[in-house]
Amino acid sequence: MSVIVWAIIGYLLGSVPFGIVITRALGLGDLRQIGSGNIGATNVLRTGNKPAALATLLLDTFKGAIAVILARHFGGDLAAQTAALASFAGHCFPIWLGFKGGKGVATFLGTVLALAWPAFLLTGATWLVVAGIGRRSSLAGLICAASAPIWMWAIGAPYAITTTFMAVLIFYRHKENITRLLDGSEPKIGKK
């Protein structure tokens, strides 16, 4: 299959808004009207439903990973990188929600997992350490996104440029969080 086909498939997989699907299915309301209004797992956690937040995290991660795995299997490495970028863009700019999606950290981690799992382990560990110390999901997401290209380079995987593009978009999507981090008003993990 051509790279364009995998870009479309990746985008459509990435654009499934699992946070909204799960919260509606559980009767938790419209996620876009809760907390930050974001469609990701951190905002689902603000509903107080930890299993729903975990399910959102896993599904948002899985959709990025499956896009890369399928594209690599059927289309090769260039198709896999294209699907990674497209699934990430689909989460951030889903057609189903008027191109107003999430910030992309979980989907990003899924693409890193499928591109080079050792880099995923290092990137995931970076998130865990920063989240454990700082108790702020946005800070952990920003630092893990910035670290992913470095980990890719360190292990010799050829995906530093691909992950850099996604990391830059993660920083852009977190601009309000960065402002709150700087002024000390960013909420801690689990705070409603």
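Structure's up top.
Reading guide: rules and limits
Residues numbered from 1 in each chain as written. Predicted model: local features only at pLDDT ≥ 70, side-chain atom pairs only at ≥ 80, totals over all residues. Heavy atoms only, no water. Phe/Tyr/Trp six-rings, centres within 6.5 Å; stacked < 30°, edge-to-face > 60°. Helix = DSSP H or I, 4+ residues; strand = E, 2+ residues; numbered from the N terminus. Buried < 20%, exposed > 50% of the residue type's maximum accessible area, 1.4 Å probe, protein only. Lys NZ or Arg CZ within 6 Å of the ring centre and 35° of its normal. Contact = heavy atoms within 4.5 Å. Core = buried A, V, L, I, M, F, W, Y, C linked by side-chain atoms within 4.5 Å.

Colleague: So, the packing of aromatic side chains: which residues are in play, and what are the values?
Modeller: Scanning the entire structure with this criterion turns up two aromatic pairs. Ring geometry for Trp6 against Phe74: centres 6.3 Å apart, planes inclined by 10°, an arrangement best described as stacked. You can see Trp6 sitting in helix α1 (residues 3-14) and its partner Phe74 sitting in helix α4 (residues 50-75), a full 68 residues away along the chain. Measuring from ring centre to ring centre gives 6.4 Å for Phe88 and Phe108, while their planes differ by 65°; the resulting arrangement is edge-to-face. Highlighted residues: Phe88 in helix α5 (residues 77-92) and Phe108 in helix α6 (residues 105-115), separated in sequence by 20 residues. Here Phe88 matches Phe108 in class, with each residue buried. When the ring centre of Phe93 is taken as origin, the NZ or CZ atom of Arg173, which lies over that ring, is 4.8 Å away. A cation sits over an aromatic face here: Lys175 above Tyr172, 4.0 Å from the ring centre.

Colleague: Any details on the environment of Gly48? Residues and values, ideally.
Modeller: Relative to the assigned elements, Gly48 resides in the loop between α3 (41-45) and α4. Residue Gly48 is classed as partly exposed on the basis of its relative accessible area of 45%. Through-space distance from the C-alpha of Gly48 to that of Leu28 is 9.5 Å; in sequence the pair is 20 residues apart.

Colleague: Explain the side chain of His91 to me, and be specific about the residues and the numbers.
Modeller: Mapped onto the secondary structure, His91 falls in helix α5. The residues contacting His91, other than those within four sequence positions of it, are Gly14, Ser15, Ile39, Asp60, Lys63, Gly101, Gly102, Lys103, Gly104 and Thr107.

Colleague: Provide a residue-level description of the nonpolar core, including the pertinent values.
Modeller: Judged by nonpolar contacts, the single largest core of 24 residues is most densely connected at Phe108, Met152 and Ile170. Per element, the largest residue contribution to this core is six residues, and it comes from α6. In this view, Ile170 contacts Phe88, Lys103, Gly104, Val105, Phe108, Gly141, Leu142 and Ala145; residues no more than four positions away in its chain are not counted. Residues Leu31, Ile39, Val44 and Leu97 belong to the second largest nonpolar core, which totals eight residues.

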